[in-house]
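Chain residues, written in single-letter form:
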Amino acid sequence: MVRLGVIVFGVGAVATLVTVAPLFLGLHPLPSAAYFVCMLMGVGFALAAAGLVRSIGAQRRAAALTSRPDQPSRPPGQAESPSASPSALS
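Here the structure is a predicted model, which means the values were calculated and not measured. Positions within a chain are numbered from 1, following the residues in the order the chain's sequence is written. At least 70 in pLDDT is required for a residue's local features to be given in this predicted model, at least 80 for side-chain atom pairs to be given and counted, and no such filter applies to totals for whole chains, interfaces and linings, which use all residues. To obtain the side-chain values, all non-hydrogen atoms of the structure were included, while hydrogens and water were left out.

Engineer: Residues and numbers for the confidence of the model for the protein, please.
Structural biologist: Confidence of the predictor at the level of single residues is captured by pLDDT, which takes values from 0 to 100. For the protein, the average pLDDT comes to 84, and 76% of its residues sit at 70 or higher. In the model of the protein, helix α4 (residues 86-89) stands out as the element of lowest mean pLDDT, 56, in contrast to helix α1 (residues 2-25), which has the highest, 93. A run of H or I in DSSP counts as a helix once it spans at least four residues, and a run of E counts as a strand once it spans at least two, with each numbered from the N terminus.

Below you can see the structure in the form of structure tokens.
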């Protein structure tokens, strides 16, 4: 998704350069459709940002799963707390 965002951003950036160049060179401006293609720059940026956020979330979930032990470990010799024992509940 990030890669797609970068590509769409690049197309929008090239379209922006092509659309603005005639204004600086004293030529006739391009039609309105060319200006709408320039908006792909913002769309590409949004796609890349969304892909980055999604990737960060996936990496955090993967890290949380690998760092979580199967059973909670207690230091040797430490007893279970009374509130957690089944006899304390009855």
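Engineer: Talk me through a nonpolar patch on the surface; I want residue IDs and the actual numbers.
Structural biologist: Each patch groups residues whose relative accessible area exceeds 30% and which form no salt bridge, using 9 Å between like charges and 5 Å between nonpolar side chains of Val, Leu, Ile, Met, Phe, Trp and Tyr. To measure how exposed things are, a 1.4 Å probe is used in the Shrake-Rupley method; for residues, cover is taken only from the protein chains shown. In the sections that follow, a salt bridge refers to a side-chain nitrogen of Lys or Arg positioned within 4 Å of a carboxyl oxygen of Asp or Glu. Together, I7, V11, V37, L40 and V43 give the surface a local cluster of nonpolar side chains, amounting to about 370 Å² of exposed area. Of all the secondary-structure elements, those providing two or more residues to the nonpolar patch are α1 and α3 (40-67). Turning to its location among the elements, L40 is positioned in helix α3. The class for L40 is partly exposed, based on a relative accessible area of 31%. Only protein chains enter the accessibility calculation, which uses a 1.4 Å probe; a residue whose area is less than 20% of its type maximum is buried, one above 50% is exposed, and one in between is partly exposed.

Engineer: Tell me about α1, and please be specific about residues and values.
Structural biologist: With 24 residues, α1 should cover 34 Å at 1.5 Å per step; its first-to-last C-alpha distance of 34 Å lies within 8% of that length. All of the buried residues in α1 are G5, V8, G12, A15, T19 and P22. Working rule for contacts: check all heavy atoms of both residues, and any pair within 4.5 Å makes them a contact. At its buried positions, α1 is contacted by α2 (32-38) and α3. Positive phi shows up at G26, right after α1, with a value of about 80°. Here the expected span of a helix is defined as 1.5 Å times the quantity of residues minus one.

Engineer: I'd love a proper account of the environment of A15, names of residues and values included.
Structural biologist: Assignment of secondary structure puts A15 in helix α1. Given the relative accessible area of 13%, A15 is considered buried. With 20 residues separating them in the primary sequence, A15 and Y35 have C-alpha atoms 7.9 Å apart. Leaving out residues up to four positions away in the same chain, A15 has contacts with V37 and C38.

Engineer: Outline the side chain of T19, supporting the account with residue identities and numerical values.
Structural biologist: The topology assignment puts T19 in helix α1. The class of T19 is buried, set by a relative accessible area of 1%.

Engineer: Explain α3 to me, and be specific about the residues and the numbers.
Structural biologist: Here α3 contains 28 residues, and its C-alpha end-to-end distance of 40 Å stays within 8% of the 40 Å for a straight helix at 1.5 Å per residue. Taken as a whole, α3 has its buried residues at G44, A48 and G51. The elements touched by buried residues of α3 are α1.

Engineer: Give me the lowdown on the environment of L23, citing residues and values where you can.
Structural biologist: Structurally, the position occupied by L23 is in helix α1. You can call L23 partly exposed: its relative accessible area is 48%. Aside from chain neighbours lying at most four places away, what touches L23 is P29 and Y35.

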